[in-house]
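Residue-level structure breakdown
Listed below are the residues making up each chain.
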Amino acid sequence: MTLHLPPILTYALRRLVQAVPVIVLIMIGTFLLLKLAPGDTVDALVGDMGGADAAYIARLRTEYGLDQPVWMQLWLYMVKLVQFDFGWSFVYEESVATILLERLGTTLMLMATSLSIAFTAGCFLGAIAARRAYSLTDNIISTIGLVFYATPSFFLSLMMILLFSVQLGWLPVGGIKTVAGFYTGWDHVLDVARHLIMPTAALSLIYLSFYLRLMRASVLEVADLDFVRTARAKGAGETRLMIHHIMRNALLPVITLLGMQFSTVLGGSVVVETIFSLPGLGQLAYQSVIQRDMNMLMGIIFLCAIIVVVVNFLTDLLYARLDSRIELA
Amino acid sequence: MTHITTELPKPEPHRAVLLWRRFARNRAALLGLGIFVVVLIMAATAGLIEPTDPLRRAGVPLTKPFVDWATPLGTDQLGRDILASLFYGARISLLVGVLATLLSIAIGVVIGAVSGYFGGWIDDVLMRTTEAFQTIPNFVLLLALVAILGSSIEYITVAIAIVSWTAPARMVRAEFMSLRGREFVDAARNLGVSNTAIIFREILPNALPPIVVYASVIMALSILLESALAFLGLGDPNHASWGNMIGQGRAVLRSDWYCAAIPGTAIILTVLSFSLLGEGLNDALNPRQKK
């Protein structure tokens, strides 16, 4: 086992090095977006102070490096980003990084639970549909998958609120915890969990359909390959065949999708967090657009990009471990 | 009298007929086509249903559906006719969907083709750029673009295209990488055909079928993206849009849920129709592919 470690490490290092130009490009991208947006930091600052004389504005511009040539500004911006300095939010009167850190936990919790549910259930249902391809079971599963794939997350969320909060009164309409609840310990955990059921279910159901469809196609393809026939000829039972031979190989493209889809799911959380008033990054992104808080919005883009790069890196490693055909060296 | 048999074997049916037969074999695809045609008719006849303005007051606010025949699907809290909004919304959804899809595929084809055909450092630069776009959550980037450009329908369409071109670019690149080494490309190159002509006239037609199928996916996603923007109140306020109707309907969800449910059903059916159409197109264009 120790012999296996070095190649995995070199592979990991190589993948990390490949991520560097992508992150640099994203830095340049957010810089350009900030330049395109009307007004700069000093405009915001002056507006915040309620106006200032021209000499003071000029001094502020020098202080913030805004009198420098564009490429120099870009360099200064990138140096700041590397140190996780995303600038100042004039809406919150607080550094962007501080607000982002406050909001990060909620979003990560929502993402982690929804994606685990979507991935597990999607793969499971997809495998069942493929094993009984073109049967009634398959038709039902595939149709449900297609319908959820076509349903906008905000509409699904609203209909869930209508059913479970308005009609049945089982679940809270929104928020992360009961406002005047003051729960502690396990009661607090249960209270938060109750608030997360609907947003998690909405995201899971929508993304489940992606994994379901891919898993079904993947299992159908793998089941026809030679090594499956060989294993069957050697007397492997259908269950063993499914778990050890088919699933293991059919999962590979689905894991790739899990990494690639992560950024889409993060984007989808904007709508769901906004509807359920969850204080996460997605709701913050929406509020930043409404309040024209461009520093905050760019901070969110950059932070999300870093999260996606990390998740992609982890799925790559997982893929490399599962697929022996990948050369690690 | 001698009878000369001049019977030839039956001529091969026209290519379009063949494609249609393969497409029509898929029942679900026919259903998709049917829904699509209905949405198309809705978009085309919107002006007949409501000649002036779908956003005007047409009746008593919050009339339930099937009560007043002047407003068959009822009215929202501002007294706007839901049926008229639904028809005009079909126009916006299809317009944004089609234009954003064409634009994103055009961007994707150019970037993917150049990347896959030339390879080397050009490929490196373009692929890192593609990865950068894929790394940023598409809806957050869309929000940023709309915040900067403004939310008129033209800018929304462009912004949707900007966040959707990466997948077609990767597909075109993969096709080009496998096709560029083929004999017919070598032959064209030996005849002195220019790179541009080889890319667009020799390789591209062979790389198109999977792209055409994928277009239905982008179309569906574009409609969903536009409706999500409009739902959040960031769409074009001058046009009736399904997403916006749902956003407005949210305020009266408790008492008059039909205000949100009717446009919501329209979005689901429309997006569903593109998924089904895509499967049919796949059957027609890639018949050798398994099921």
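If you're wondering where the values come from, they're calculated on a predicted model, not measured in any experiment.

Turning our eyes to something else, we now look at the overall build of chain A. The secondary structure content of chain A amounts to 12 helices and 2 strands. Reading the secondary structure of chain A in the N-to-C direction produces α-α-α-α-β-β-α-α-α-α-α-α-α-α. Seen through its principal axes, chain A has C-alpha atoms that stretch 85 × 60 × 40 Å. Counting all 329 residues of chain A, 37% fall into the buried class. Excluding contacts between residues fewer than 6 apart, the proportion of contacts in chain A whose partners are at least 24 apart in sequence is 71%.

All right, on to the overall build of chain B then. When helices and strands are counted, chain B shows 11 helices and 0 strands. Going residue by residue from the N terminus, the α and β elements of chain B occur as α-α-α-α-α-α-α-α-α-α-α. The principal-axis extents of the C-alpha atoms in chain B amount to approximately 75 × 75 × 35 Å. Here chain B holds 291 residues, and 46% of them are scored as buried.

Another aspect to go through is the interface of chain B and chain A. Often, the extent of an interface is quoted as the loss of accessible area on bringing the components together. At the interface, 34 residues of chain B touch 40 residues of chain A. Secondary-structure elements contributing two or more residues to the side of chain B that touches chain A are helix H4 (120-135), helix H5 (138-149), helix H9 (195-231) and helix H11 (258-285) of chain B. Here the element with the most residues in the side of chain B that touches chain A is H5 of chain B; it accounts for 8 residues. Partitioned by chemical class, the residues of the side of chain B that touches chain A number 23 nonpolar, 7 polar and 4 charged.

Moving on, we come to unusual backbone geometry. Only a minority of non-glycine residues have a phi that is not negative, and only a minority of peptide bonds are not trans. Residues and elements named next belong to chain A. Residue Phe-84 is not a glycine yet carries a positive backbone phi of 60°. Within the fold, Phe-84 resides in the loop between helix H4 (70-82) and strand S1 (88-89). Of note in the backbone geometry, Arg-292 takes a positive phi value of approximately 55° without being a glycine. Take Arg-292: it is sitting in the loop between helix H11 (281-290) and helix H12 (294-322). Under the C-beta neighbour-count criterion, Arg-292 is labelled partly exposed, with 16 such atoms within 10 Å.

Before going further, it helps to spend a moment on the environment of Glu-202 of chain B. As for its position among the elements, Glu-202 of chain B is in helix H9. Linking Glu-202 of chain B and Thr-6 of chain B, residues 196 residues apart in sequence, is a C-alpha distance of 39 Å.

All names here are of chain B. Running from amino to carboxyl end, H9 crosses H11 at an angle of 175°, the nearest separation of the two axes being 8 Å. By the angle class used here, H9 and H11 are roughly antiparallel. In contact with Pro-209, Val-212, Val-213, Ser-216, Val-217, Met-219, Ala-220, Ile-223, Leu-224 and Ser-227 of H9, H11 contributes Ile-267, Thr-270, Val-271, Phe-274, Ser-275, Leu-277, Gly-278, Leu-281, Asn-282 and Leu-285. Taken together, the residues of the contact of H9 with H11 break down into 14 nonpolar, 6 polar and no charged.

The subject of this paragraph is the environment of Gly-280 of chain B. All names here are of chain B. In this fold, Gly-280 is placed in helix H11. Judged by the 24 C-beta atoms lying within 10 Å of it, Gly-280 falls in the buried class. Sequence separation between Gly-280 and Arg-22 is 258 residues; the distance between their C-alpha atoms is 7.9 Å. For Gly-280, the residues in contact, after removing those within four places along its chain, are Phe-23, Asn-26, Ala-29 and Gly-32.

In a regular helix each residue adds 1.5 Å, so 15 residues correspond to 21 Å; helix H6 (residues 136-150) of chain A covers 21 Å between its end C-alpha atoms and thus fits that length. Regarding H6 of chain A, the residues found buried are Ser-142, Gly-145, Leu-146, Tyr-149 and Ala-150 of chain A. Projected down its long axis, H6 of chain A carries its buried residues within an arc of 130°, all on one side. Away from its buried face by more than 90 degrees, H6 of chain A exposes Leu-136, Ile-140 and Thr-143 of chain A. Structurally, H6 of chain A contributes buried residues whose contacts are with helix H5 (96-131) and helix H8 (185-223) of chain A together with H11 of chain B.

This brings us to the confidence of the model for chain A. Overall, the prediction assigns chain A a mean pLDDT of 83, with 95% of residues at 70 or greater. At the low end of the mean pLDDT range in chain A sits helix H2 (residues 41-49) of chain A, at 74; at the high end sits H11 of chain A, at 91.

Once that is clear, we can look at the confidence of the model for chain B. All names here are of chain B. In the predicted model, chain B carries a mean pLDDT of 86, and the fraction of residues at 70 or more is 98%. Within chain B, no element has a lower average pLDDT than helix H1 (residues 15-24), which sits at 83, and none a higher one than helix H6 (residues 153-164), at 93. The ipTM for the predicted assembly is 0.86, set against a pTM of 0.87.

Core analysis: the largest hydrophobic core is formed by 160 residues, its most contacted members being Tyr-211, Ile-300, Ile-301 and Cys-304 of chain A together with Val-140, Leu-142 and Leu-143 of chain B. In terms of residues, this core owes the most to one element, H9 of chain B, which gives 17 residues. The contact partners of Leu-143 of chain B, leaving out residues within four places of it in the chain, are Val-270, Ala-285, Tyr-286 and Val-289 of chain A.

What follows covers the packing of helix H10 (residues 242-249) of chain B against H11 of chain B. Residue and element names in this part refer to chain B. Running from N to C, H10 and H11 point in directions that differ by 155°, and their axes come no closer than 8 Å. In terms of axis orientation, H10 runs roughly antiparallel to H11. The element H10 and its partner H11 pack so that their crossing is left-handed. Across the interface between the two elements, Trp-242, Met-245, Ile-246, Gln-248 and Gly-249 from H10 touch Cys-259, Ala-260, Pro-263, Gly-264, Ala-266 and Ile-267 from H11. In terms of residue class, the contact of H10 with H11 is built from 8 nonpolar, 3 polar and no charged.

The buried fraction of H11 of chain A amounts to 8 of the 10 residues, a majority that puts the element mostly inside the structure. Considering only its buried residues, H11 of chain A is in contact with H5, helix H10 (238-275) and H12 of chain A together with H5 of chain B. Two residues or fewer past H11 of chain A, Arg-292 of chain A is found with a positive phi of approximately 55°.

Another aspect to go through is the environment of Ile-141 of chain A. Residues and elements named next belong to chain A. Within the secondary structure, Ile-141 is located in helix H6. Judged by the 19 C-beta atoms lying within 10 Å of it, Ile-141 is partly exposed. As a C-alpha pair, Ile-141 and Gly-29 span 112 residues in sequence and 41 Å in three-dimensional space. Contact partners of Ile-141, with chain neighbours within four places excluded, come to Leu-125, Ile-128, Ala-129 and Leu-212.

Calculation criteria
Residues numbered from 1 in each chain as written. Chains lettered and ligands numbered in written order. Predicted model: local features only at pLDDT ≥ 70, side-chain atom pairs only at ≥ 80, totals over all residues. Helix = DSSP H or I, 4+ residues; strand = E, 2+ residues; numbered from the N terminus. Buried ≥ 20, exposed ≤ 12 C-beta atoms within 10 Å, placed from the backbone. Contact = placed C-beta atoms within 7 Å. Nonpolar A, V, L, I, M, F, W, Y, C, P; charged D, E, K, R; others polar. Axes fitted to C-alpha atoms, helices over the stretch in contact; angles between N-to-C directions. Parallel < 35°, antiparallel > 145°, perpendicular 65-115°, else oblique. Expected span 1.5 Å × (residues − 1). Arc of directions from axis to C-beta. pLDDT = per-residue confidence, 0-100. Core = buried A, V, L, I, M, F, W, Y, C linked by C-beta atoms within 7 Å. Left-handed = near helix turned anticlockwise from the far one by under 90°.

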